[in-house]
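Close look at the chain arrangement
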Amino acid sequence: MRWDVIFQAKNLALYWQGLLTTAGLLLSCLVIGAVLAVLFALALTSRIAVLRWIAGAYTYVIRGTPLLIQLYLIYYGIGQLEWIQARWDTVWPWTHFKEPFFCALLAFSLNTAGYTAEIIAGAIRETPHGEIEAAQAMGMSRWQTMRRIVLPSALRRSLPAYSNEVVQMLHTTSLASAVPAMLDLTAAASRIYSDYYLPFEAFIFAAVIYLCITFALVGMFRLAERYFLAHLRPRPH
């Protein structure tokens, strides 16, 4: 195995550029997806049937179709619509559909929003009824109860499941390499493989980087769970 090729300055720079793209894509889609997920979770648990149906249909489609197909539909499909092609040179936001990063970010954000919304909605439904009754006894309205009691409690209890979603999204960002001109970690490994015909070295090195990021994310979520879910741990006698 020729590891000396991998550690050449130009190849390390290629991996570094791919790492920056992967990190930027992951953080951006998690932020956008989290905001959308909270809105969809509120819709899923709303008393308004239309909102529940719309949000439920969205999460059903997102979770029922492969992310790669969603990515292809956004990157290749939307750009083929004539009314978008007529606007994507001058009218925002259609101008961004020519950019690979934007298309990948949009696909990943919508995907993680669908999964995270179901996680948060499940936590909202499982909120102990005693907490809600206590809020009502204090004279809080339904919206005040949701904002002050139910939603913060649900977000804290969603941390263990959400950590799995974040790690899954990290690995999912490797699908961005399927979009032309996107240089993420997997695309960087593929480029080195095509240049030097070193499949094991190129992809093992990328896998090690993904593994290190995963360990860091898992550690961060464990610290967050220890802090925010401390009240749920069994108390020593």
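Just above sits the structure.
The notes below deal with the structure included here. (Residues numbered from 1 in each chain as written. Predicted model: local features only at pLDDT ≥ 70, side-chain atom pairs only at ≥ 80, totals over all residues. Heavy atoms only, no water.)

From N to C terminus, the chain includes eleven helices and zero strands. When the helices and strands of the chain are read in sequence order from the N terminus, they spell out α-α-α-α-α-α-α-α-α-α-α. Taken along the three principal axes of its C-alpha coordinates, the chain extends 70 × 60 × 30 Å. Scored against the burial criterion, the 237 residues of the chain give a buried share of 38%. For the chain, the exposed surface amounts to about 13,700 Å²; the carbon and sulfur share of it is 67%. Taking the average place of the 18 positive charges on the side chains of the chain and the average place of its 13 negative ones, the gap between the two points comes to 11 Å. (Helix = DSSP H or I, 4+ residues; strand = E, 2+ residues; numbered from the N terminus. Buried < 20%, exposed > 50% of the residue type's maximum accessible area, 1.4 Å probe, protein only. Areas by Shrake-Rupley, 256 points an atom, 1.4 Å probe, with all protein chains shown as cover. Lys, Arg positive; Asp, Glu negative; His and termini not counted. Charge placed at Lys NZ, Arg CZ, Asp CG, Glu CD.)

What follows covers the side chain of Thr186. Tracing the sequence through the fold places Thr186 in helix α10 (residues 185-196). Residue Thr186 is classed as buried on the basis of its relative accessible area of 17%. Setting aside chain neighbours within four positions, we find Thr186 in contact with Ser174, Ser177, Phe203 and Tyr210. (Contact = heavy atoms within 4.5 Å.)

This part covers the packing of helix α2 (residues 9-44) against helix α9 (residues 159-172). Where α2 meets α9, the closest approach of the two axes is 10 Å, and the angle between their N-to-C directions is 140°. Regarding the angle of α2 to α9, the classification is oblique. Considering only the axes of α2 and α9, their crossing is right-handed. Residues Thr22, Leu26, Cys29, Leu30 and Ala34 of α2 lie in contact with α9, whose contacting residues are Tyr162, Val166, Met169 and Leu170. Here the residues of the contact of α2 with α9 are counted per class, giving eight nonpolar, one polar and no charged. (Axes fitted to C-alpha atoms, helices over the stretch in contact; angles between N-to-C directions. Parallel < 35°, antiparallel > 145°, perpendicular 65-115°, else oblique. Left-handed = near helix turned anticlockwise from the far one by under 90°. Nonpolar A, V, L, I, M, F, W, Y, C, P; charged D, E, K, R; others polar.)

All right, on to a nonpolar patch on the surface then. Taken together, the side chains of Ile48, Val50, Leu51, Trp53 and Ile54 make up a nonpolar region of the molecular surface, amounting to roughly 530 Å² of accessible area. Within the secondary structure, Ile48 is located in the loop between α2 and α3 (49-64). (Patch = residues over 30% accessible without salt bridge, like charges linked within 9 Å, V, L, I, M, F, W, Y side chains within 5 Å. Salt bridge = Lys/Arg side-chain N within 4 Å of Asp/Glu carboxyl O.)

Our focus in this paragraph is unusual backbone geometry. Peptide bonds are trans in most cases, and residues, glycine excluded, mostly fall at negative phi. Of note, the phi angle at Ala181 is positive, near 75°, even though the residue is not glycine. Relative to the assigned elements, Ala181 resides in the loop between α9 and α10. For Ala181, a relative accessible area of 76% translates into the label exposed. Phi angles above zero are rare outside glycine, and Tyr197 is one such case at about 55°. We classify Tyr197 as exposed; its relative accessible area is 63%.

The subject of this paragraph is the environment of Ile132. Its location among the elements puts Ile132 in helix α7 (residues 129-137). With ten residues separating them in the primary sequence, Ile132 and Arg142 have C-alpha atoms 9.1 Å apart. For Ile132, the contacting residues outside a window of four places in its chain are Thr127, Thr145 and Val150.

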